[in-house]
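Structure assessment
Residue-level listing of the chains:
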Amino acid sequence: MEGNSYPDDFAYKLSKFTGFTKNIVEVFPDGDRGSYGLGTRVRFTFPAGSTVDLSDICLHFTGSVDYAQINDGTNDAIGEVRFSRDIATCISQLTLYSNGKILQQITDYNEIVNMLKDWKETSEQDEILSHTDPIYQDATVADFAPSKPTNDFVIKNWLGIMSKDASSSIIDTNIFGQMILEVVFADANQLVLNVASDHDFADSTAMMNAVSNVSATFSNLKLSMTRYNMPMEYYNTLERVLSNGKRRILFDHYELIEGTPANAGYNSVRFNINSQSINYMLGSLVPTNRKQTGKPKLVSSYTNTSSYYNRVGTGVSTQYVVGSTKLPVNAQSTTDCYVNTLRLWGCKSDGKYHHNPSIESLTTFADHFYTAPLSLEYSTNMCHRETKMMSGLSTNNLPLSITFELNAVGPINGLSPLVLVSTSRILEFDANQNSDIVI
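Throughout what follows, the structure given in this document is the object of discussion. (Residues numbered from 1 in each chain as written. Predicted model: local features only at pLDDT ≥ 70, side-chain atom pairs only at ≥ 80, totals over all residues. Heavy atoms only, no water.)

For the rest of this paragraph, the subject is unusual backbone geometry. Cis geometry is adopted by the peptide bond preceding Pro 328, which originates at Leu 327 and carries an omega value of -10°. Tracing the sequence through the fold places Pro 328 in strand 20 (residues 325–332). The phi torsion at Asn 213 lies on the positive side, around 55°, for a residue other than glycine. Structurally, the position occupied by Asn 213 is in the loop between helix 4 (204–209) and strand 13 (215–229). Not every positive phi belongs to a glycine, and Asn 396 is a case in point at roughly 55°. Mapped onto the fold, Asn 396 is located in the loop between strand 21 (372–375) and strand 22 (400–408). For Asn 396, a relative accessible area of 59% puts it in the exposed group. (Helix = DSSP H or I, 4+ residues; strand = E, 2+ residues; numbered from the N terminus. Buried < 20%, exposed > 50% of the residue type's maximum accessible area, 1.4 Å probe, protein only.)

Set out below in structure tokens:
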């Protein structure tokens, strides 16, 4: 310790923030307030003239799954269909509008949630509200008891501009005008199929074919959010600040790029990105036909969710080509990918390397949780900064060609390369309800 630099604990840090009130408001679906099914969309219009916290928004609903009795030709009622791990995976697309303009639209939302959740710690609140640690019964035909439970769920954690990672989450609908949140529910492909351990099915295809009349119901939908009533001086100050120019909110955006079915040997996925900040990429191999069957997928005992979300990298080495530069310099082995994934996520939330208890070996990682990362941002101590920083690779307003290269040793059946790209975007807005997205 030098001079009179005392630890923070010795400083009596006090502040005062008065003159405001707050209350919890509920927003119901526009138009029909009844039940919604798989593949349907629902819209919620935010209250007018309100100051709300986007990251505080919760989506409430009652969810249930229905299906015809599942049998293997010998035994009746030996299977069931359930929701996948983390109820947020029932959303396939999330869109936020301002005066009819899209502020952010994330497609394949369920797949992105699943990829990111594997490396984020969950709390008991998430387990209670969001189905993040489901229990799928493991029983023989004699003891298997198919069920069709109806449960209340709450989605309280979001990606993108509605996440706690955005530089600011407080918005005023006086400034943004009519704001609408649109949710599109995923289809039956990503649901879980669970069957008795001693079934007589010939293979996994026969199991999926035995499932019919699958549906899901989402009812009693509502958004809950905190609405703040600020003192007039706050609104006067905000108006004065905006009169001097646009203000900005920095947030993360995500997109998936999928290639053609992979073969033994060299494979690649090439795409163009235009962004002020490419933060990181995660590559993997995923089931090619996961979106094509219209059937729930078998539960994985490793990932504790639908095998729709399997990520495979067994016998694979990977490398990215960014422009004309190969990154990293040497191709990544399975061990390299695991270590570099830990590096990537070590600074993404609480500054600690996250341990996924389901990954008990490098073989498990390669067979079920595989990600080939490339970080392009300055992430050291990111989680401890009060100011969100944009530090990824800039393409200087020109599309940048990126190739994910994958070399597979041995046969590959029914898998396609997939790349998740995370970038930073900026929401600019002024006092006249004008907003623009800078990518």
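Attention now goes to the sheet that holds strand 17 (residues 297–300). Read across the open sheet, the four strands follow the order 6-12-17-18; overall the sheet is mixed. The open sheet has two edge strands, strand 6 (79–82) and strand 18 (305–306), and neither has a second partner. Pairing geometry for strand 6 and strand 12 (residues 192–195), over four bridges, is antiparallel. Across the sheet, the residue bridging to Val 81 is Leu 193, located in strand 12. (Pairing = 2+ DSSP bridges.)

Throughout the structure, instances matching the rule amount to 17 salt bridges. Among the salt bridges present, the one from Lys 117 reaches Asp 86, with a minimum N-O distance of 3.4 Å. Note that Lys 117 is positioned in helix 1 (residues 109–117) and Asp 86 in the loop between strand 6 and strand 7 (91–98), a separation of 31 residues in sequence. Residue Asp 86 is classed as buried on the basis of its relative accessible area, which comes to 5%. Across the pair Glu 405 and Lys 326 runs a salt bridge, and its minimum N-O distance is 3.0 Å. With Glu 405 in strand 22 and Lys 326 in strand 20, the pair connects residues that are 79 residues apart, well separated along the chain. On the accessibility criterion, Glu 405 (14% relative accessible area) is buried. By relative accessible area, which is 41% here, Lys 326 ends up partly exposed. (Salt bridge = Lys/Arg side-chain N within 4 Å of Asp/Glu carboxyl O.)

This next bit is on the packing of aromatic side chains. Scanning all chains against the criterion turns up 14 aromatic pairs. Relative to Tyr 309, the ring of Tyr 308 lies with its centre 4.8 Å away and its plane at 75°, an arrangement referred to as edge-to-face. When its relative accessible area of 5% is taken as the criterion, Tyr 308 is described as buried. Ring geometry for Phe 365 versus Tyr 370: centroids 5.7 Å apart, planes at 50°, classification tilted. Judged by relative accessible area, which is 0%, Tyr 370 ranks as buried. An aromatic cluster of three or more residues is present, and its members are Phe 61, Phe 83, Phe 153, Phe 185 and Phe 218. Here the guanidinium or amino end of Arg 43 rests over the ring plane of Tyr 97, the centre of that ring lying 4.6 Å away. Over the ring of Tyr 308 we find Arg 290, and its NZ or CZ is 5.9 Å from the ring centre. (Phe/Tyr/Trp six-rings, centres within 6.5 Å; stacked < 30°, edge-to-face > 60°. Lys NZ or Arg CZ within 6 Å of the ring centre and 35° of its normal.)

Read from one edge to the other, the open sheet built from four strands follows the order 15-22-19-20, with strand pairing classed as antiparallel. If you trace the sheet from one side to the other, it starts and ends with strand 15 (265–273) and strand 20, each paired once. The average undirected angle you get between the axes of adjacent strands in this sheet is 15°. The pairing of strand 19 (residues 316–322) with strand 22 spans seven bridges and is antiparallel. Within strand 22, the position partnered with Tyr 320 by the bridge is Phe 404. Taken strand by strand, helix 6 (residues 334–346) contacts strand 19 and strand 20, and its axis lies near 115° from that of strand 20. (Axes fitted to C-alpha atoms, helices over the stretch in contact; angles between N-to-C directions. Contact = heavy atoms within 4.5 Å.)

With that settled, consider helix 1. Of all nine residues making up helix 1, eight are buried, and the element is well covered by its neighbours. Buried residues of helix 1: Tyr 109, Asn 110, Glu 111, Ile 112, Val 113, Asn 114, Met 115 and Leu 116, and no others.

Strand 7 sits mainly inside the fold: seven of its eight residues count as buried. Summarising the sheet, strand 7 and strand 11 (residues 179–185) pair through seven bridges and their orientation is antiparallel. By the bridge assignment, Leu 96 is partnered in strand 11 with Leu 181. Sheet analysis places strand 7 next to strand 8 (residues 101–107), joined by six bridges and oriented antiparallel. Across the sheet, residue Tyr 97 finds its bridge partner in strand 8, namely Ile 102. Adjacent in sequence and paired antiparallel, strand 7 and strand 8 are bridged by two residues, among which Asn 99 carries a positive phi angle near 50°.

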